[in-house]
Amino acid sequence: MWCQRWGKPVAITEFGTCAYVGAPKAGGMGWEVVDCTKQPNESKGNLVRSERTRSAHVADLLDVFESLGLYAAVAFEFVTPDAPHRPEPRLDLDMAGCSIVKTIKDGPDDLASAWRWEPRQAFHAPARHYRRARH
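What this report covers is the structure whose coordinates are included nearby.

Quick notes on the rules
- Residue positions are given per chain, counting from 1 as you read along its sequence in written order.
- Selection of residues for local features in this predicted model requires a pLDDT of at least 70, selection of side-chain atom pairs for listing and counting requires 80 or more, and totals for whole chains, interfaces and linings are taken over all residues.
- Calculated side-chain values reflect all of the structure's heavy atoms, with hydrogen atoms and water omitted.
- By definition, a salt bridge exists where a carboxyl oxygen of Asp or Glu is found within 4 Å of a side-chain nitrogen of Lys or Arg.
- A simple rule labels every residue: compare its accessible area, found with a 1.4 Å probe on the protein chains alone, to the largest value its type can have, and call it buried under 20%, exposed over 50%, or partly exposed in between.
- Going along the chain from the N terminus, every DSSP run of H or I of four or more residues is numbered as a helix, and every run of E of two or more is numbered as a strand.
- Two residues qualify as a contact provided that any one of their heavy atoms is within 4.5 Å of a heavy atom in the partner residue.
- We call a set of buried residues a nonpolar core when its members are Ala, Val, Leu, Ile, Met, Phe, Trp, Tyr or Cys and they connect through side-chain atoms within 4.5 Å of each other.

Right, let's get into the pattern of salt bridges. This structure, assessed with the given rule, holds 10 salt bridges. Glu-51 is paired through a salt bridge with Arg-49; the nearest N and O atoms lie 2.4 Å apart. Taking the relative accessible area as the measure of exposure, Arg-49 reaches 26% and is therefore partly exposed. Note that Asp-94 and Arg-49 form a salt bridge whose closest N and O atoms lie 2.8 Å from each other. Of this pair, Asp-94 sits in the loop between β6 (72–75) and β7 (101–105) while Arg-49 sits in the loop between β5 (42–43) and α1 (51–68), and the two are 45 residues apart along the sequence. A single network of salt bridges, built from pairs that share partners, joins Arg-49, Glu-51, Asp-92, Asp-94 and Arg-120.

Below you can see the structure in the form of structure tokens.
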């Protein structure tokens, strides 16, 4: 049964969070931890990366949405090529993105650089959820 009001199915088209401790509290504004006035862009403060935070948030919301009988829910977002992962935490823009995969660039400071993505914990959260739901 779909969660309905006025006879229409309800779909959540964007949900998720960034990959740092405390990100869910920032809601959809988690990306505001990036200081775009500096070049290269860097994070404000001392963020602590947490893949578990992002993955648990996605999994928890999928459980809530399923309990409501929603028609569909789509994690935001698959990939964020303009927020690459960097080893140095203050330059790691990937923490401030909501993607379920990590963007890896050959040259993180080169906009034309080749890039690829790698799955992260949050990538697997929907698969685990739907595998459980089928059984």
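Moving on from the coordinates now.
Looking now at the environment of Ala-83. In this fold, Ala-83 is placed in the loop between β6 and β7. C-alpha of Ala-83 to C-alpha of Leu-93: the two residues are 10 residues apart in sequence and 4.8 Å apart in space. Setting aside residues up to four positions removed in sequence, Ala-83 forms contacts with Leu-93, Asp-94 and Thr-103.

Note the cis peptide between Gln-39 and Pro-40, where omega equals -5 degrees. Looking at where Pro-40 falls in the secondary structure, it is placed in the loop between β4 (34–35) and β5. Residue Glu-77 is reached from Phe-76 by a cis peptide bond, and omega for that bond is -10 degrees. Tracing the chain through its elements places Glu-77 in the loop between β6 and β7.

Tracing the backbone through its elements, the reader meets Ser-99 in the loop between β6 and β7. Of the residues examined, Ser-99 reaches a relative accessible area of 1% and is grouped as buried.

Among the nonpolar cores identified, the biggest contains 11 residues, and these are Cys-18, Tyr-20, Ala-23, Val-33, Val-34, Leu-47, Ala-83, Leu-93, Met-95, Ala-96 and Cys-98. In this view, Tyr-20 contacts Ala-26, Gly-30, Val-33, Leu-47, Val-48, Arg-49, Ser-50, Thr-53, Met-95 and Ala-96; residues no more than four positions away in its chain are not counted. Core analysis: the second largest hydrophobic core is formed by 7 residues, Phe-15, Val-58, Leu-62 and Ala-125 among them.

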